[in-house]
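Observations on chain architecture
This is what each chain is made of:
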Amino acid sequence: MTVDRQPPFAIRLHARLVRLLIPSLGPEFADQVTAAFRDLYVDPANAGIRKRVRLWSRELRSLCTTSFGEYRERRDARRGNSSRPSVRPVTRHPGRGFRTLCDNVSQDLRYAARSLARTPGFALVVVLSLTLGMSVSTALFSLVNTMLFRLPPHVESPHELVRINVGGTWGPTSYPDFVDFRDQIEALEDAAAFGTGRVVVTVPERPPRSVTADAVSENYFDVLGVSTVHGRSFVADDGRTADVVVIGYGFWQREFGGDPEVLGRRIGVDGREHTIVGVAEPGLIGLVDPVVPDLWYPVELRFREMRNRRSLGVIGRLKDGMGKTQVQSQADLIAQRLQSEYPADWVSLNGEPIPVVVRTLKEGRMAGGGGGDEPPAVAILAILVTIMALILGIACSNVANLMLTRAQRRRTEIAVRVALGAGRGRLVSQLLTESLILAGAAGASAFLVIHWVTALLASGQLAMGLPATVDFTVDWRVAVFTAVVALGTGIVFGLVPALQASRPDLVPALKGLGGAVRGRFFGVRHLLVMIQVAGSLILLVGATLFLRSLAEAGRADLGFDPENVAVISVDLAQRQYTPEAGEQFYSDVIPRLSSLPGVESVAIAMTVLLGPGRTLWGLRSIEGYEPAPGETIVVDGNVVTPGYFDLVRMPLVMGRDFTDRDRDGAPEVIIVNETFVDRYFGGENPLGRGVGSREVVGVVRDATYERPGEPATPHLWLSYAQHPELAMRVHIRTAANVLTVLPALVREVQGMDPALPILEPSTMKALTAEATLPQRIMSMVLGVTGVLALGMAMMGIYGVMAFAVSQRTREVGLRVALGAHPGKVVRMIVKEGLLLSGTGLLVGLGVAALLTRALSVFLYGVSPLDPTALLGGLGMLLAASVAATLVPALRAAQVDPMESLRAE
């Protein structure tokens, strides 16, 4: 049976006095005031006659003062308020509202600055946390901006430029076709040709090396509206009467130290001497890819009459009032004429005309340039945007928890302001101002960090492992993105704490009582921590998937063996070798290198398996195969010498290898792979059947040709003696470590022609590693962001649990005082922390299972739902959660019961 105890006489007396002296309060607020007095009256700190007398005197003085004030207001109201100025109609001036707003903003800024200055440690932690998240997000956006959005800088009116593509979105054309388009499309003011590639540059007193270069028409810089910072650009006779070159600004600084006397000096470009006539503006990037060319040179004369050599892009500048539609219609008419005049070059293998497509520069960025089954640019963009959102969400959740904790500690201050009449809107505005100041400082710091990193990239001091120099210059888009992110982040992480703090429980807050009573588990703080844990799990699972994919690619059966194989790239065109002299050179190099100690076999090939570059062969006919309507038979291929398949250990499954008899004048032969047989011969015996004018003499096992994980594709090989080329790769298999033999191999090849530049000798293993560059970059990005997210999640869990323990000091002390073992207290708190993180892990696991499906195009040998990746991410976060929870749990177990009970 429960007996209701009557309140002490002093409390009942106080309640009657409040209702009597201040009747305007109402019964509800009067009960709250009496409850506040009761807590103070029974508090052990106010025990004793003297202390309670002082308490009563302060309370009576306060009640009387409030009551007298209300009496004066009622009296003035009855007298018509004669002692105060009469109320006049208020005339609103147009600028008064704006001035009031400015005054409020100014007041909020000053108060926020003073408030943050009193807690510099808190401000520093928040700014650093936000800077970390914003820096990663801004860096990812800078990458997206560079690859997709940013048009070439320094180009005059880039929106007026269109590209004419033959046969596809970014299809190249030949120089004669370019001349026809330039001269006959009336909608264009002018047009220029360009082709991006790699050339071997020889600077005096420096070793030759491969650089990025653009072969262009003489009017290229004029069409783009680009000038040089030193010297001149090209003129009409350049390339016909003299070999000249315009070098890039970065190349000028690296190779010549910015020497103003560089004009007139000669450098070798693919074995031919060129005279430097100018230096381009700094930061001039390519028109399609954001690669910074090191030099520009006129298109060689030998290619200007070859209509069947499509290796150039065509860029045109629109006339005033003209658009892409007019250019497209006029280009179609020119294409129809070319199809009738040059059917061999303008009609596809199945007899259909080759189309012409006109695109703006911006339209091609989102489509990507690789085609085939390579990851499209939109997929990469979606992944990067998802990473940005996750990092910002984790950072905002972490800082919002810090702001909630700070607001909880300022509850008395906020309650006083509410009691004095401050509106909720003004309180929210004030607290949001503090958040925006912190976010603004973090945004400025993040922008400076990205600017510093891009400066290091531009100077070459920060290696990225990319095959070419990419311009990551920060432009106005990155600045606007950083400003928008800072504003949005400040609102996101500041709004929830501001809304919660602006609605305090007045009586406990005015008494300085905090969280003695235990709150509900799934509060705002806990929800924010769950968001951090879920986002961290998604990033960690993604990073683990890419690492697993790289490991699987390293263990995969490529269909060949790249171990202990050296590759020496030689381009005899640099020394003006004739095809006959080139064939003799390669015939001599094989026995010469084979006689060296440690060399097992030597062979020549035009391209390297999984290496950079590819060669496509168009097939007019295949015996017994009928092309489908609209089908064009284009197959990847290579040109090799006898013994190549044995060297790379690519076994023959049918027929024979090339021999010395397969040379010029003998019947032309070809070797194909298994997929070629299945695709075009229906799996039947292909030996002796014709592919164009060539006879199939062998079939080799399928292999990986471009990148790990690619689907099986048809492939063919031609005999070098029947299809000689000047630019080839010498493959040498060694018995010992290839790196110990490589210098001797280079010296031997160099001894055959001392003036022949040897281009970047390497190993087949190193060259094939470039095929996994996208996976390595994504692994690095997700790995770094995953570790950062894990750290922020640990901070969030630790902060929430530490605050919860501090709020439950009295409860923990009481448990210990009643005999609870410290280990039990630790288990209780760790259990709550694991329940908190476990809920976030379950949510993150479900979201990760959905999002990782988008990564399947990047993965090799690993399922998007790989159990190892999922369990690995779960294990790391569980371990981190235990570590983050254990520290406050051990601290709580060491609480002194007497001090904890006296704390409040």
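What counts and how
Residues numbered from 1 in each chain as written. Predicted model: local features only at pLDDT ≥ 70, side-chain atom pairs only at ≥ 80, totals over all residues. Heavy atoms only, no water. Helix = DSSP H or I, 4+ residues; strand = E, 2+ residues; numbered from the N terminus. Buried < 20%, exposed > 50% of the residue type's maximum accessible area, 1.4 Å probe, protein only. Contact = heavy atoms within 4.5 Å. Areas by Shrake-Rupley, 256 points an atom, 1.4 Å probe, with all protein chains shown as cover. Axes fitted to C-alpha atoms, helices over the stretch in contact; angles between N-to-C directions. Left-handed = near helix turned anticlockwise from the far one by under 90°. Nonpolar A, V, L, I, M, F, W, Y, C, P; charged D, E, K, R; others polar. Polar contact = N/O pair within 3.5 Å; in protein donor to acceptor, adjacent residues only side chain to side chain. Phe/Tyr/Trp six-rings, centres within 6.5 Å; stacked < 30°, edge-to-face > 60°. Parallel < 35°, antiparallel > 145°, perpendicular 65-115°, else oblique. Core = buried A, V, L, I, M, F, W, Y, C linked by side-chain atoms within 4.5 Å. Salt bridge = Lys/Arg side-chain N within 4 Å of Asp/Glu carboxyl O. Patch = residues over 30% accessible without salt bridge, like charges linked within 9 Å, V, L, I, M, F, W, Y side chains within 5 Å. Lys, Arg positive; Asp, Glu negative; His and termini not counted. Charge placed at Lys NZ, Arg CZ, Asp CG, Glu CD. Pairing = 2+ DSSP bridges. Expected span 1.5 Å × (residues − 1). Bend = angle between axes of the 7 residues up to and from the residue. pLDDT = per-residue confidence, 0-100.

This next bit is on the overall build of the protein chain. Each helix and strand counted, the protein chain has 27 helices and 21 strands in total. A buried classification covers 47% of the 904 residues belonging to the protein chain. Relative to all contacts within the protein chain whose residues are 6 or more apart in sequence, the contacts with residues 24 or more apart total 81%. Carbon and sulfur atoms make up 59% of the accessible area of the protein chain, which totals about 43,300 Å².

The next subject is the packing of helix α18 (residues 579-594) against helix α21 (residues 738-752). Direction vectors running N to C along α18 and α21 enclose 140°, while the axes themselves pass 11 Å from each other. Read as a crossing pair, α18 and α21 show a hand that is right-handed. Here Phe585, Asp588, Val589, Arg592 and Leu593 of α18 lie close against α21, whose contacting residues are Leu745, Glu748, Val749, Gly751 and Met752. Among the residues forming the contact of α18 with α21, the class breakdown is six nonpolar, one polar and three charged.

The next subject is the side chain of Arg689. The topology assignment puts Arg689 in the loop between α20 (674-680) and β17 (690-691). With relative accessibility at 17%, the residue Arg689 sits in the buried group. Among the polar contacts listed, one links the side chain of Arg689 to the side chain of Glu684, at a separation of 3.5 Å. Setting aside its immediate chain neighbours within four residues, Arg689 contacts Glu623, Gly624, Phe681, Glu684, Arg694, Glu695 and Val696.

Under the defined criterion, the tally for this structure stands at 17 aromatic pairs. Here Phe585 and Tyr586 contribute two aromatic rings whose centre-to-centre distance is 5.6 Å and whose plane-to-plane angle is 85°, an arrangement assigned as edge-to-face. Considered together, Phe585 and Tyr586 belong to a single accessibility category, that of buried residues. Between Tyr586 and Tyr720, the ring centres sit 5.8 Å apart and the planes meet at 90°, which makes this aromatic pair edge-to-face. In this pair, Tyr586 is assigned in helix α18 and Tyr720 in the loop between β19 (715-719) and β20 (727-734), connecting sequence segments 134 residues apart. The pair formed by Tyr586 and Tyr720 is uniform in burial state, with each residue classed as buried.

Glancing now at the packing of helix α25 (residues 822-851) against helix α26 (residues 867-893). Contact geometry for α25 and α26: axes closest at 8 Å, N-to-C directions at 150°. By the angle between their axes, α25 is roughly antiparallel relative to α26. Regarding α25 and α26, the two cross each other, and that crossing is right-handed. Contact residues: Pro822, Val825, Val826, Ile829, Val830, Gly833, Leu834, Ser837, Leu841 and Leu845 in α25; Leu870, Leu874, Leu877, Leu878, Ser881, Val882, Thr885, Leu886, Ala889, Leu890, Ala892 and Ala893 in α26. Its residues placed into classes, the contact of α25 with α26 shows 18 nonpolar, four polar and no charged.

The tendency in soluble globular proteins is for nonpolar side chains to be buried side by side. Ranked by internal contacts, the top residues of the largest apolar core, which has 82 residues, are Leu130, Met134, Ile387, Leu438, Phe493, Leu539 and Ile829. Contributions of two or more residues to this core are made by α5 (120-149), α12 (377-409), α14 (424-459), α15 (476-501), α17 (524-555), α23 (773-807), α25 and α26. Here the element with the most residues in this core is α12; it accounts for 15 residues. Leave out the neighbours within four places in its chain, and Met134 touches Leu392, Ala439, Ala442, Gly443, Ala446, Val485, Ala486 and Thr489. Formed by 45 residues, the second largest nonpolar core is a distinct cluster that contains Leu593, Tyr680, Tyr720 and Val730.

Another aspect to go through is the pattern of salt bridges. All chains considered together, the criterion is met by 21 salt bridges. When the shortest N-O distance is used, the salt bridge between Asp177 and Arg310 registers 3.7 Å. Here Asp177 is found in helix α6 (residues 175-184), whereas its partner Arg310 is found in the loop between β8 (295-298) and β9 (313-318), with 133 residues between them in sequence. Looking at Asp177, the relative accessible area reads 0%, which means it is buried. Taken together, the salt bridges that share partners define one network made up of Asp177, Asp180, Arg307, Arg310, Arg337 and Glu341.

Time to look at the environment of Gly264. By secondary structure assignment, the location of Gly264 is in the loop between α8 (249-256) and β6 (266-269). Separated by 20 residues in the primary sequence, Gly264 and Val244 have C-alpha atoms spaced 9.3 Å apart. Here Gly264 is in contact with Thr275 and Ile276, once residues within four sequence places are set aside.

On the surface, Arg50, Lys51, Arg54, Arg58 and Arg61 cluster together into a positively charged patch. Structurally, Arg61 is set in helix α3 (residues 49-78). Relative accessible area serves as the criterion here: at 52%, Arg61 is assigned to the exposed category.

With burial as the criterion, each face of strand β5 (residues 244-247) is covered, one bearing Val244 and Val246 and the other bearing Val245 and Ile247. Taken together, the four bridges between β5 and strand β7 (residues 272-280) define a ladder with parallel strand orientation. Its bridge partner lying in β7, Ile247 is registered against Val279. Bridge count between β5 and β8: two bridges; the pairing is antiparallel.

The subject of this paragraph is the environment of Asn673. Looking at where Asn673 falls in the secondary structure, it is placed in strand β16 (residues 669-673). Spatially, the C-alpha atoms of Asn673 and Met654 are 9.8 Å apart, while their sequence positions differ by 19 residues. Beyond its immediate chain neighbours, meaning those up to four positions away, Asn673 contacts Val699, Val700, Asp702, Tyr705, Thr713, Pro714, His715 and Trp717. Polar contacts involving the side chain of Asn673 include one to the side chain of Asp702, which spans 3.1 Å.

So, on to α26. The end-to-end C-alpha distance of α26, which contains 27 residues, comes to 37 Å, matching closely the 39 Å that a straight helix rising 1.5 Å per residue would cover. In the structure, α26 departs most strongly from a straight axis at Leu886, where the bend amounts to approximately 30° and where the proline Pro888 lies between one and four residues downstream.

With that settled, consider a nonpolar patch on the surface. Taken together, the side chains of Leu436, Leu487, Ile491, Leu495 and Leu499 present a nonpolar region at the surface, about 370 Å² in accessible area. Summarising the element assignment, Leu495 is placed in helix α15.

Here the focus is unusual backbone geometry. In most cases, non-glycine residues show a negative phi, while peptide bonds are predominantly trans. Positive phi, normally seen in glycine, also occurs at Ser157, with a value near 45°. As for its placement among the helices and strands, Ser157 is situated in the loop between α5 and β1 (161-166). For Ser157, a relative accessible area of 25% puts it in the partly exposed group. Phi at Asn564 is positive, roughly 60°, even though this residue is not glycine.

Here we take up the environment of Arg198. Here Arg198 is to be found in strand β2 (residues 188-202). The exposure class assigned to Arg198 is partly exposed, which follows from its relative accessible area of 43%.

Turning next to the confidence of the model for the protein chain. Confidence along the protein chain averages 78 in pLDDT terms, with 80% of residues attaining 70 or more. With pLDDT under 50 throughout, residues 82-93 is counted as low confidence; its partners more than four residues away or in other chains account for four contacts. Throughout residues 513-521 the model reports pLDDT below 50, and contacts reaching past four residues in sequence, or to other chains, amount to 19 contacts.

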